[in-house]
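# Residue-level structure breakdown
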Amino acid sequence: ALVIVRCLRLDYFSTMRCVLQWFFICAIGLASSFSNRALGASTEILKVLPHWLDQQGRHTVSPSLFERDAYQLHLKDHREEVSTIRFDVNWRLKERGLRGCTLHLEARFGSEEGIQTLEQKMLIETGKRRKKGWSGLRIPEASFDVQSNLIAWRVRVTRGDEVLATRTSFLW
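Within each chain, residue numbers correspond to sequence positions counted from 1 in written order. Totals for whole chains, interfaces and linings use all residues, but because this is a predicted model, local features are given only for residues with pLDDT of at least 70 and pairs of side-chain atoms are given and counted only at 80 or more. Side-chain descriptors were evaluated using all non-hydrogen atoms of the structure, hydrogens and water having been removed beforehand.

### Here we look at helix H3 (residues 65-77)
Along an α-helix, a turn takes 3.6 residues, which lines up residues three or four apart on a common side. Just so we agree on the cut-off: Starting at the N terminus, helices and strands are each numbered in turn, a helix being any DSSP run of H or I of at least four residues and a strand any DSSP run of E of at least two. For a helix, the expected span equals 1.5 Å multiplied by the residue count minus one. A simple rule labels every residue: compare its accessible area, found with a 1.4 Å probe on the protein chains alone, to the largest value its type can have, and call it buried under 20%, exposed over 50%, or partly exposed in between. Summarising the geometry, the arc corresponds to the directions from the helix axis toward the C-beta atoms.
Compared with an ideal rise of 1.5 Å per residue, which puts 13 residues at 18 Å, H3 spans 19 Å between its outermost C-alpha atoms and is within 8% of the ideal. Every buried residue belonging to H3 is among Arg68, Tyr71, Gln72 and Leu75, and all of these are buried. Each buried residue of H3 lies within a common arc of 105 degrees when the element is viewed along its axis, so the set occupies one face. Residues Phe66, Leu73 and Asp77 are exposed on H3 and point more than 90 degrees away from its buried face.

See below:
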C-alpha cells in the first residue's frame, strides 16, 4: 500500500523509481515462485482410475472416452460380464530414474458377506529419463468377488518404509 501511495506523486523521477520498484518486486516474486516450484517438486499421485474389466480383460471397446464411460456403466450394471477390476494410476516421481519405488493399492469392497479389503503391490519401473507415467494395478480374479461393490481405495507410492505420496478416495 505504501508503494502505491508513493506512485501517485506527479514528479517524473518519483514515478519512474516507483515503476522500477514494482518491476523488481514482480521479478523477485516470479523468480522465487519458480525456484519454490523446482525445489518443492515432490513425488505425487496425479490420478487414479478404477476400471471394471470384462472377460477378455478390456475396460473399453473403443478408444473414445465417451465409449469407455458408457462401457464402464454397462459392466457395472451387468456384473456377470465382469472378470475383475484394474486401477490405472498416474504418478510423478521427485526425480528421474528414482529406483526402488513401489505402488501399493488397498481397495475395500462390500457385499452381503461384509467388507473385504484387498491389497496389491507393484514395483514402479522407470528408465533413466522417465519421471512420470501410468501403471495398472489389477486385482487377481481368484480373490475378487464380482458381485461386490467398490467402497473405497487408497494408493501409496513407497520407497522402503517411507511413504512418498498418497491418494485416497473420498470414503477412505
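### Let's talk about the pairing of strand S3 (residues 101-111)
The following threshold applies: Note on pairing: two strands pair once DSSP finds at least 2 bridges between them.
Within S3, 8 of the 11 residues are buried, which leaves it mostly tucked inside the rest of the structure. In this structure, S3 lies alongside strand S6 (residues 149-159), joined through 10 bridges in antiparallel fashion. Looking at S6, one finds that cysteine 101 is bridged to arginine 159. Pairing geometry for S3 and strand S4 (residues 114-123), over 10 bridges, is antiparallel.

### Focus: a nonpolar patch on the surface
Just so we agree on the cut-off: Grouping into patches uses exposed residues only, defined as over 30% relative accessible area, and leaves out salt-bridged ones; the cut-off is 9 Å for like charges and 5 Å for nonpolar side chains (Val, Leu, Ile, Met, Phe, Trp, Tyr). In short, Shrake-Rupley with a 1.4 Å probe defines the accessible areas, and a residue's cover is counted only from the protein chains shown. Just to be clear on terms, a salt bridge is a Lys or Arg side-chain nitrogen sitting within 4 Å of an Asp or Glu carboxyl oxygen.
A contiguous nonpolar surface patch, about 450 Å² in accessible area, is contributed by Leu20, Phe23, Phe24 and Ile28. Considering the arrangement of structural elements, one finds isoleucine 28 in helix H2 (residues 12-39). The exposure class of isoleucine 28 is exposed, given its relative accessible area of 59%.

### Notes on the confidence of the model for the protein
Defined as follows: The quantity called pLDDT is the predictor's confidence in a given residue, expressed from 0 to 100.
With 86% of its residues at a pLDDT of 70 or more, the protein shows a mean pLDDT of 82. Looking at the elements of the protein, mean pLDDT is at its lowest for helix H1 (residues 2-7), recorded as 54, and at its highest for H3, recorded as 93.

### Notes on the nonpolar core
Under the convention used in this document: The term nonpolar core refers to a set of buried residues drawn from Ala, Val, Leu, Ile, Met, Phe, Trp, Tyr and Cys, joined through side-chain atoms within 4.5 Å. Residues count as neighbours in contact if any of their non-hydrogen atoms are within 4.5 Å of one another.
Of all hydrophobic cores here, the largest spans 27 residues; its most connected members are Phe87, Val89, Leu103, Phe144, Val155 and Val157. Of all elements in the fold, only strand S1 (44-54), H3, strand S2 (82-92), S3 and S6 reach the threshold of two or more residues within this core. Not counting residues up to four positions away in its chain, the partners in contact with valine 89 are Ile45, Lys47, Val48, Leu103, Gly133, Trp134, Ser135, Leu137 and Val155.

### Focus: the pairing of strand S7 (residues 162-168)
Within a regular strand, the side chains alternate between the two sheet faces. Sheet topology places S6 next to S7; 6 bridges connect them, and they run antiparallel. Across the sheet, residue valine 157 finds its bridge partner in S7, namely alanine 165. Hairpin connection from S6 to S7: 2 residues lie between these consecutive antiparallel strands, with glycine 160 at a positive phi of about 70 degrees.

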